[in-house]
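# Analysis of the macromolecular model
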Amino acid sequence: MTDLCDLPAIDQRRRIDRREVSARELLDAHLERIAERNGQLNAIVALDPDVASRYADAIDASVAANADLGPLAGLVTAFKDLAETADFPTTYGSPVFAGHRPPANNLLVDRMLAAGAVPLGKTNVPEFGAGCHTFNPVYGTTRNAHDPTRSAGGSSGGAAVGLATGMLAIADGSDLGGSLRNPAAWNNVVGFRSSPGVVPNIDPGLRFPDLGVAGAMGRTVDDLSLLLGVIAVADSRDPANRGLSIPSPVDPLDGPVRVAWSPTLGGLPVEQGILAVLERFVGECEALGCQVSEAEPDFGGADECFETLRSWGMANGQVGEVANPAMLKAALVEELERGQRLSGGDVASAIAHLQTLWRRAHRFFERYELLIGPVSQVAPFPAEWEYPTEVAGVPMERYLTWMRSTSRITAMQLPALALPCGFDADGLPVGAQLIGGPRQDLYVLRAGKTFERLRRPAGS
C-alpha cells in the first residue's frame, strides 16, 4: 500500500473519486511511510494519527453518501508549524511557544480542511521561520531527503522532505526570502512563491508592505496548482488580496518563449556545481525552442531594501513581542536588534525602493517572458552548520546573505517557481528558479509545466 504514497496527488485524488482506494487506506499508507522514514529525517512533527483518522473517516462517509467531495478530498498533509492549528500544537519552532495550542485555525488551514485534506500533524521549521535551514530547540533538525547528513533547507524544510519521501501528498509553506523555493530545490520537489496579494492573509500583524506569502508545494506542477487553487481564492478581509483563479491541471505553453538567463542574478557568488546543472538545463530549454539570451534586470538596492524591511518586520511583529529575547537563537536576536535601530526614514526609503524595483522589473519583462536563474547559490550543506560562512570562496556577512538569489526576487515582488532540473556531481538536487514578470503567476506555472519534462532522475 505504501506505493500509493509515490503517486502524484492528482492521481491519488482520482482514485478516491473512482472508489479504487479509500481515504483511510491512503492515510494508513502514509502513516506506514512516516514510520519508515521520519525517524531519520524528522520532517513531520506533532504527529497525531487519531486526528487524521477522524478526517479520513469523514471523507469516506461522504464518499459512501455520494456527497460532493472537495478538490483535496483524502489527500494526506501536515501544516507548516508557522500556521495556527486548533488540532495540533503550533510552536513556531520556538521554546517561547512550546506546547502552544491555538484556539482556532488560520485561513489557509481552514480552506485546506474544507477542501477535504487529511492532516496528520505539522511540518518542521526554523525558529520563527528565520533562515533557510530547518532546525530548532523544540523538535530538532530536519534532514535532506536525498542525503540525511545535509540540510533540508528552509523554512518550509519539513514540508519539502515530507513531499519528497512520500510522507505527504501535498504541503503548504510560506516564503519571505526563499522559504518555499530553497527547500523545494534541495529536495527535488516544486515550490512556488506567488505574487504578493495572490494568497489572502487575515492574520494579525504588519500588512504593508508584506513581502511574505503563503503558498503551495508539490511533487509536480499540477499537484502544486491543485493546492494553490484552493488557498488562492480572493478574500476581501485582506486589503492587499486580489486572488487568482488557478486551473487544474495547468496547460503547458504553446509557443516559443523569450528567456533571459542569469547565472548569478546580479553578480552573486554561485557554486560551479550548481551552474553546471543549470547551464545544461538552459541548453535543453533552448532545444525545446526557447529564445535564450543572457540578461537580467537591475537588482541595485534590492538587498538593502529586503533586509531593512525584514528586520523592521521582525522587530515590530511576533518576534519583537517576545518578553525574554534571551530565549531566542542568536540570529533572531541580531535581527531584532537591527530592526530596533532602524529609523522611520530607513523604512520609508526601503518602501520607496520597492516601487523602483517594480518599475525596473516591468521594463525588463517587456523584452522577456521568463527569467531563469539559480534557486540556491550553494548545494545542501552539512546539517550541523547553521549557515554557510562562504559561497564559492566569497565570505558571507551574516545568516541571510547566502540566500540573496531568492531574496532579490522577493524584493522585486515577482512570482517564482523552484523547479527540479538535475543533480550535481555529489548526487544532490539542483533547482532552477523560473521567474515571471509582474503578476504573471499563471505564466510561470505554465512554464513550469512545459519544462517539467526536462527533469532528470537521480544518478543521471
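Residues numbered from 1 in each chain as written. Predicted model: local features only at pLDDT ≥ 70, side-chain atom pairs only at ≥ 80, totals over all residues. Heavy atoms only, no water.

What follows concerns the packing of helix H9 (residues 302-315) against helix H12 (residues 404-411). The N-to-C vectors of H9 and H12 enclose an angle of 85°; their axes lie 9 Å apart at closest approach. On the basis of the axis angle, H9 is roughly perpendicular to H12. Judged by residue contacts, Ala 302, Asp 303, Phe 306 and Glu 307 of H9 engage Arg 404, Ser 407, Arg 408, Thr 410 and Ala 411 from H12. Of the residues that constitute the contact of H9 with H12, the class distribution is 3 nonpolar, 2 polar and 4 charged. (Axes fitted to C-alpha atoms, helices over the stretch in contact; angles between N-to-C directions. Helix = DSSP H or I, 4+ residues; strand = E, 2+ residues; numbered from the N terminus. Parallel < 35°, antiparallel > 145°, perpendicular 65-115°, else oblique. Contact = heavy atoms within 4.5 Å. Nonpolar A, V, L, I, M, F, W, Y, C, P; charged D, E, K, R; others polar.)

Next up on the list: the side chain of Thr 77. Position of Thr 77 among the secondary structure elements: in strand S2 (residues 76-80). Only 2.9 Å separates the side chain of Thr 77 from the backbone oxygen of Ile 170, close enough to count as a polar contact. Not counting chain neighbours up to four residues away, the residues in contact with Thr 77 comprise Met 112, Ala 117, Val 118, Pro 119, Leu 120, Gly 121, Leu 168, Ile 170 and Ala 171. (Polar contact = N/O pair within 3.5 Å; in protein donor to acceptor, adjacent residues only side chain to side chain.)

The sheet built from 8 strands is open, its strands ordered S6-S8-S7-S14-S15-S11-S9-S10 with mixed pairing. One side of each edge strand has no neighbouring strand; the edge strands of this open sheet are strand S6 (171-175) and strand S10 (291-294). When strand polarity is set aside, the average angle formed by the axes of neighbouring strands in this sheet is 30°. With 7 bridges joining them, strand S14 (residues 416-423) and strand S15 (residues 429-435) adopt antiparallel strand pairing. From the neighbouring strand, Leu 419 faces S15, where its bridge partner is Ala 432. Sheet strands touched by helix H8 (residues 272-287): strand S9 (258-261), S10, strand S11 (370-374), S14 and S15. Its angle to S14, the strand with the most contacts, is close to 105°. Here helix H13 (residues 441-451) sits on the sheet in contact with strand S7 (190-193), S11, S14 and S15, set at roughly 15° to S14. (Pairing = 2+ DSSP bridges.)

A few words now on the environment of Gly 344. With respect to the helices and strands, Gly 344 occurs in helix H11 (residues 344-364). Between the alpha carbons of Gly 344 and Asn 124 there is a distance of 35 Å; along the sequence they are 220 residues apart.

What follows deals with helix H7 (residues 221-231). Burial analysis of H7 places 10 of its 11 residues in the buried class, which makes it a mostly covered element. The complete set of buried residues in H7 reads Val 221, Asp 222, Asp 223, Leu 224, Ser 225, Leu 226, Leu 227, Leu 228, Val 230 and Ile 231. (Buried < 20%, exposed > 50% of the residue type's maximum accessible area, 1.4 Å probe, protein only.)

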